[in-house]
Each structure stands twice: as structure tokens, then as C-alpha cells.
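Tertiary structure, described
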Amino acid sequence: MLHTVMFLPAFIGIAMAARRTLVLAGIIGSFNPPGMAKGSPPFDAEFGTHPFLTLIHILPGALFMILGPLQFMPGIRTRHPHLHRLGGKIYIASGYIVGISALIMSFVLSPIGGIDQAAATILFSLLFLLSLSKAWYHKKADNILHHETGLHREWMIRAFSIGLAIGTIRPIMVLFFAFSGLPPQAFFGAAFWIGFTLHLLAAEAWINFTRPSFWREQHPSF
């Protein structure tokens, strides 16, 4: 069930990256959603002022969204361990690029939601990078020998859940657009805080719910 649910925000994240790439390439135009003043520039025009930084963020982000769900599919992990390990290395490398570029963008670009959005992005980018680092540490061969596979899994879940949040933040924004009547500057920050927090709570709930069964799977003699 979880493996199916996580594909939806991942698909949204991939679609967002594709759309932003097409906008930057001039293939499609941007737009102003409801709540923006008539004749004002596109609310997301700031991305166009730093196209290279934006692409450095969204293209590895799309790769992260593609590989993430595959890393948590038991069939691939058990039947194709070499592919699982290779995919994990690419997944973590792309995650580092996404997290570091998100931090840089928080200071270089002017966030649509102002300091509220920037604060959420900075905090959860740091948590995201910490989770990736902990997952990488516990995956090292010398640590796996000390039964730290479960810790690797838990930090991978945290990292993926935080990264996946961007695919949930967009539907939250759509709800604000549809029902609040406010300009995006007024609610983007709140949408980021809600989306990231929900995903972090969901990750912790899933980790605690599945920890006993995973531990028994890894230690069948007990």
C-alpha cells in the first residue's frame, strides 16, 4: 500500500521538474494564478533569473523522485541487490545536490513566500542532508556487519519522505489558491511548513510501525 501511495507525490515532483524545465527553455510560458494583480509579472519569474541554479536543483530532483520509490520496493532489493546498491548511490548523490542547491536557492533567490518559506526550506534542507548522511554512514560495509541495516533503512525513509514533500506541497498550494483568495506570497510559507511537517511525521510513524517486523526479518533466530 505504501509503495503505491508514494508514487503520487513522486509523479507530481517529476511533473513539476519537467514543467519548470520547459518554462526555462522557453517552450511553454509561465502564468499568474488567481489572486495575483492583473498585469503583474509571473509569480515564479524569479526562477528565470537564475536558470542554471534552478536546473541544478530540479533535474537531480527528478532523478531523486524516480529512484526513490524503486529503492523501497522489496522485489528489487531482494532479487536485484546490485541494482539496488547502484541505485542507492545515485539516489544519495542526487539527494545531496538537491539539498545543497535548495539551501543556496534560499539565500540567492527571493522566496515567493518570503522569510517564512525560506526558514522552512533551510530547516528541512538541513534535516534532509543530515538524514542522507546518516543513511550513507549506516550503509557502509563495516557498519552493516554490526547489524545497522535497520538504521540505514530508517534514515533513508526520513530522507525520502522529506524530499518527497515537495510533491505534497503543490496540492496544498492548489487548495490555498482555490479557497483562500490570497496571493501566493501570503500562503507559500505556510504550505511549505505544512507539507514538510506532515511528511516528517508520516516518516516517523511508519518507521515506528514497521520497526518490530523489520527487526524480526533481519534477526530470524530471535
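Since the structure is predicted, the reported quantities are computational estimates derived from the model, not experimental observations.

Moving on, we come to the overall build of the protein chain. Counting its regular elements, the protein chain contains 11 helices and zero strands. Secondary structure elements of the protein chain occur, N-terminal to C-terminal, as α-α-α-α-α-α-α-α-α-α-α. Out of the 222 residues in the protein chain, the part that is buried amounts to 40%. Considering only contacts within the protein chain whose residues lie at least 6 apart along the sequence, 70% involve residues at least 24 apart. In the form shown here, the protein chain has an accessible surface area of approximately 12000 Å², with 73% of it arising from carbon and sulfur atoms.

Attention now moves to helix α7 (residues 114–139). With 26 residues, α7 ought to run about 38 Å at 1.5 Å a step, and its terminal C-alpha atoms sit 37 Å apart, in line with that. Considered for burial, the residues of α7 that qualify are Gln117, Ala118, Ala120, Thr121, Phe124, Ser125, Phe128, Leu129, Ser131, Leu132, Ala135 and His138.

Okay, the side chain of Ser101 next. In this structure, Ser101 sits in helix α6 (residues 81–108). Of note is the side chain of Ser101, whose polar atom sits 2.8 Å from the side chain of His57. Residues contacting Ser101, with those up to four places away along its chain left out, are Leu53, Ile56 and His57.

Let us look at the packing of helix α2 (residues 7–24) against helix α10 (residues 166–179). Between α2 and α10, the least distance of the axes is 7 Å, while the angle of their chain directions is 80°. Put simply, α2 runs roughly perpendicular to α10. Residue-level inspection shows Pro9, Ile12, Gly13 and Met16 of α2 in contact with α10, the latter providing Ile166, Gly167, Thr168, Arg170 and Pro171. Of the residues belonging to the contact of α2 with α10, the class tally is five nonpolar, three polar and one charged.

Tallying each qualifying case throughout the model produces 12 aromatic pairs. A centroid spacing of 5.8 Å and a plane angle of 40° characterise the contact between Phe64 and Phe160, whose relative ring orientation is tilted. Note that Phe64 is positioned in helix α4 (residues 51–71) and Phe160 in helix α9 (residues 149–164), a separation of 96 residues in sequence. Overall, Phe64 belongs to the buried group, its relative accessible area being 2%.

Core analysis: the largest hydrophobic core is formed by 36 residues, its most contacted members being Tyr91, Phe128, Phe160, Met173, Phe188, Phe192 and Phe196. Secondary-structure elements contributing two or more residues to this core are α4, α6, α7, α9, α10 and α11 (184–218). Look past the residues within four positions of Phe128 in its chain and what remains in contact with it is Phe64, Gly95, Gly99, Ala159, Ile162 and Gly163.

What follows concerns the environment of Phe128. Its place among the elements puts Phe128 in helix α7. Taking the C-alpha atoms as reference, Phe128 lies 9.7 Å from Ile100; in sequence the two are 28 residues apart.

Taken together, Ile100, Ile104, Phe107 and Val108 make up a surface patch of nonpolar side chains, about 390 Å² in accessible area. Here Phe107 falls in the exposed class, since its relative accessible area comes to 64%.

On to α10, then. Along an α-helix, a turn takes 3.6 residues, which lines up residues three or four apart on a common side. Here α10 spans 20 Å end to end across 14 residues, near enough to the 20 Å set by a 1.5 Å rise per residue. Phi turns positive, to about 70°, at Gly181, one or two residues after α10.

We now examine the confidence of the model for the protein chain. Model confidence for the protein chain is summarised by a mean pLDDT of 85, while 85% of its residues fall at 70 or above. Mean pLDDT across the secondary structure elements of the protein chain bottoms out at helix α8 (residues 141–144), with 49, and peaks at α7, with 94.

This paragraph deals with the environment of Leu59. Secondary-structure assignment places Leu59 in helix α4. Residue Leu59 is classed as partly exposed on the basis of its relative accessible area, which comes to 45%. Taking C-alpha positions, Leu59 is 8.3 Å from Thr21, a pair spaced 38 residues apart along the chain.

The next point concerns the packing of α2 against α4. Interhelical geometry of α2 versus α4 gives an angle of 155° and a closest axis separation of 9 Å. When the axis of α2 is compared with that of α4, the two are roughly antiparallel. Between α2 and α4 the crossing geometry is left-handed. Contact residues: α2 offers Phe7, Ala10, Gly13, Ile14, Ala17, Arg20, Thr21 and Leu24, while α4 offers Pro51, Thr54, Leu55, Ile58, Leu59, Ala62, Met65, Ile66 and Pro69. Of the residues belonging to the contact of α2 with α4, the class tally is 13 nonpolar, three polar and one charged.

Rules and cut-offs
- Residues numbered from 1 in each chain as written.
- Predicted model: local features only at pLDDT ≥ 70, side-chain atom pairs only at ≥ 80, totals over all residues.
- Heavy atoms only, no water.
- Helix = DSSP H or I, 4+ residues; strand = E, 2+ residues; numbered from the N terminus.
- Buried < 20%, exposed > 50% of the residue type's maximum accessible area, 1.4 Å probe, protein only.
- Contact = heavy atoms within 4.5 Å.
- Areas by Shrake-Rupley, 256 points an atom, 1.4 Å probe, with all protein chains shown as cover.
- Expected span 1.5 Å × (residues − 1).
- Polar contact = N/O pair within 3.5 Å; in protein donor to acceptor, adjacent residues only side chain to side chain.
- Axes fitted to C-alpha atoms, helices over the stretch in contact; angles between N-to-C directions.
- Parallel < 35°, antiparallel > 145°, perpendicular 65-115°, else oblique.
- Nonpolar A, V, L, I, M, F, W, Y, C, P; charged D, E, K, R; others polar.
- Phe/Tyr/Trp six-rings, centres within 6.5 Å; stacked < 30°, edge-to-face > 60°.
- Core = buried A, V, L, I, M, F, W, Y, C linked by side-chain atoms within 4.5 Å.
- Patch = residues over 30% accessible without salt bridge, like charges linked within 9 Å, V, L, I, M, F, W, Y side chains within 5 Å.
- Salt bridge = Lys/Arg side-chain N within 4 Å of Asp/Glu carboxyl O.
- pLDDT = per-residue confidence, 0-100.
- Left-handed = near helix turned anticlockwise from the far one by under 90°.

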